[in-house]
Structures are given as structure tokens and as C-alpha cells.
Amino acid sequence: MVYFFFQMDEYIVIRYHHGGVLKRDDKGVLTYVNGKVDDLPEMDADFVNLRDLDTLFKGYGYEKCDQMLWLMQNAMDLDSGLRPLNTDSDIVEMLKAALSNGNFIKIYFDHCISIPDIIALAPVEGSDEDEDDSGGGIEDDSGDSDEDDSGDGDEFSTDSDDSVENEPYKPPPPMYDTETESEEECKGKGKAAGKRKQKK
């Protein structure tokens, strides 16, 4: 950073023209369109520098600009009066002009680019995200119930199979006739039953 020391303490007022664009009108005259105007507090001429001017410019919410220019006080118009402000020598020339013209100077910022505003959007009630969340919970619950039901069924069927397969074979009681009666015996029993009915 370079500081410039004058013979005595001198304070200047700098007027910022920002937020606009330098363009020519229908008659070909250079104008500053859609700009804003702000006066900075008095500054010690010995400590005016490019970095501080840029910092003050960004303090208005800008990220950068295409060019920074200062205007000579005795200029008839912007075309003949604007001077670039890019180097330390440009600062010295601007300060000398300001001190010889009532300690006042104008600086123009062309094509200012503002810092974008980042806004966090809150989720809207009834949005797809809410529906997905609620649906997910329902699916999980139903999935758990299905697994439990299927598990119970499997355990039941397994237990029943195991109980049947593992149960030892029990023969029928000795009084139980496992052989099939012959046809003759069946006929004999039928005749005997008929005789009994006749006697009655």
C-alpha cells in the first residue's frame, strides 16, 4: 500500500456514483444511467488508496465492476472529464485535482455486479418430501408386520411337522381287529340280525 504525503493535512469528500451503467443516449452523449449517489465521509488525502476505495465500494453490496473512473471538476461532460483509476499514479492525479477544486471529487463505477442473495427456502407443507416421509413410515410398519406374520406361520408349521415326524409309532390296542372281515362273515351277521328281528 502506498501513502501520499502532502504539505499539510488535507481532507477530501469523495462522491460515489454506483449501480449504474455508462452509455450513450440517442444524441450520442455519454451518460450514467440508473445509478445511485452516495457521499463518503471526509478522508485524509494522505491515506486515500485503491484498496480502501475498492473496499468501500464493495460495502454497498457489490462484488466487482468493469471499471472505476474519476471525473475532473472542470470537465464539460463525462466524455471529456472521466479518467481511469487503476494505479497509484492515477490516485495522485485525482487527489491533486480534488485539492485544487474545493476538496471534492466524483468517482464512477461502471457495470457494477452485485453479490447474489442466498435465501434458504423452508419446506412447504404438503410437499412431495412430506409425502415421501409419511409413506416411508407406513411401508416400514407394514413390512415389519408381514415379516412377523410370516415368521409365526413358519414357526407353527415347522413345529407341527416336527411333532408328527418325531412322535413314535403306537400300535393299536390288542382288542382292535385290524383285519378286514370277509364277505361270508358279513353275510352271517346279517342273517343273524334278521332272525332276531323276526322273533321280536
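Refer to the preceding data block for the structure.
Quick notes on the rules
- Residues numbered from 1 in each chain as written.
- Predicted model: local features only at pLDDT ≥ 70, side-chain atom pairs only at ≥ 80, totals over all residues.
- Heavy atoms only, no water.
- Salt bridge = Lys/Arg side-chain N within 4 Å of Asp/Glu carboxyl O.
- Helix = DSSP H or I, 4+ residues; strand = E, 2+ residues; numbered from the N terminus.
- Buried < 20%, exposed > 50% of the residue type's maximum accessible area, 1.4 Å probe, protein only.
- Phe/Tyr/Trp six-rings, centres within 6.5 Å; stacked < 30°, edge-to-face > 60°.
- Core = buried A, V, L, I, M, F, W, Y, C linked by side-chain atoms within 4.5 Å.
- Contact = heavy atoms within 4.5 Å.
- Arc of directions from axis to C-beta.

Trainee: I tried to follow the pattern of salt bridges on my own but got confused; where do I start?
Mentor: Two side chains carrying opposite charge are able to pair once their charged atoms lie near each other. All chains considered together, the criterion is met by three salt bridges. A salt bridge links Arg 15 to Asp 39; the nearest nitrogen and oxygen atoms lie 2.7 Å apart. Linking Arg 15 in strand β1 (residues 11-24) with Asp 39 in strand β3 (residues 36-39), this pair joins segments that are 24 residues apart in sequence. With a relative accessible area of 42%, Asp 39 lands in the partly exposed category. The closest approach of N and O atoms between Asp 79 and Arg 24, which form a salt bridge, is 2.6 Å. Of this pair, Asp 79 sits in helix α2 (residues 78-81) while Arg 24 sits in strand β1, placing them 55 residues apart in sequence.

Trainee: Before we go on, may I ask you to explain the packing of aromatic side chains in this structure?
Mentor: Any aromatic ring pair is given by two values, namely how distant the centres are and how the planes are angled relative to each other. Counted by the stated rule, this structure contains five aromatic pairs. Taking the centre distance of 5.3 Å and the plane angle of 80° together, the rings of Tyr 32 and Tyr 108 count as edge-to-face. Residue Tyr 32 is found in strand β2 (residues 30-33), and its partner Tyr 108 is found in strand β7 (residues 104-114); the two are separated by 76 residues along the sequence. The exposure class assigned to Tyr 32 is buried, which follows from its relative accessible area of 16%. Ring-pair connections join several aromatic residues into one group, and the members of that group are Tyr 16, Phe 57, Tyr 60, Tyr 62 and Phe 109.

Trainee: Explain the environment of Lys 23 to me, please; I cannot follow it from the model alone.
Mentor: Positionally, Lys 23 belongs in strand β1. Residues Lys 23 and Asp 110, spaced 87 residues apart in sequence, show a C-alpha to C-alpha distance of 9.5 Å.

Trainee: What's the story with the nonpolar core in this structure? I'm lost.
Mentor: A general feature of soluble globular proteins is that nonpolar side chains tend to end up buried together. In this structure, Ile 14, Tyr 16, Val 48, Leu 53, Leu 85, Met 94 and Ile 107 are the most contacted members of the largest nonpolar core, which totals 23 residues. Put simply, the parts of the chain that give this core at least two residues each are β1, α1 (50-58), β5 (62-71), α3 (88-99) and β7. If near-sequence neighbours (up to four positions away) are discounted, Ile 14 is found in contact with Asp 38, Asp 39, Leu 40, Met 43, Val 48, Leu 53, Ile 105 and Ile 107. Core analysis: the second largest hydrophobic core is formed by eight residues, Leu 22, Leu 69, Leu 78 and Leu 82 among them.

Trainee: I would appreciate a short explanation of α1 in the present structure.
Mentor: Three or four residues apart is the spacing at which side chains of an α-helix point the same way, because the helix has 3.6 residues per turn. Those residues of α1 that fall on the buried side of the exposure criterion are Leu 50, Leu 53 and Phe 57. Buried residues of α1, seen end-on, are gathered within an arc of 65° and therefore sit on one face of the element. Residues Arg 51 and Thr 55 are exposed on α1 and point more than 90 degrees away from its buried face. Looking at the buried side of α1, the elements it contacts are β1, β5, α3 and β7.

These values are about where atoms sit, not about what they do.
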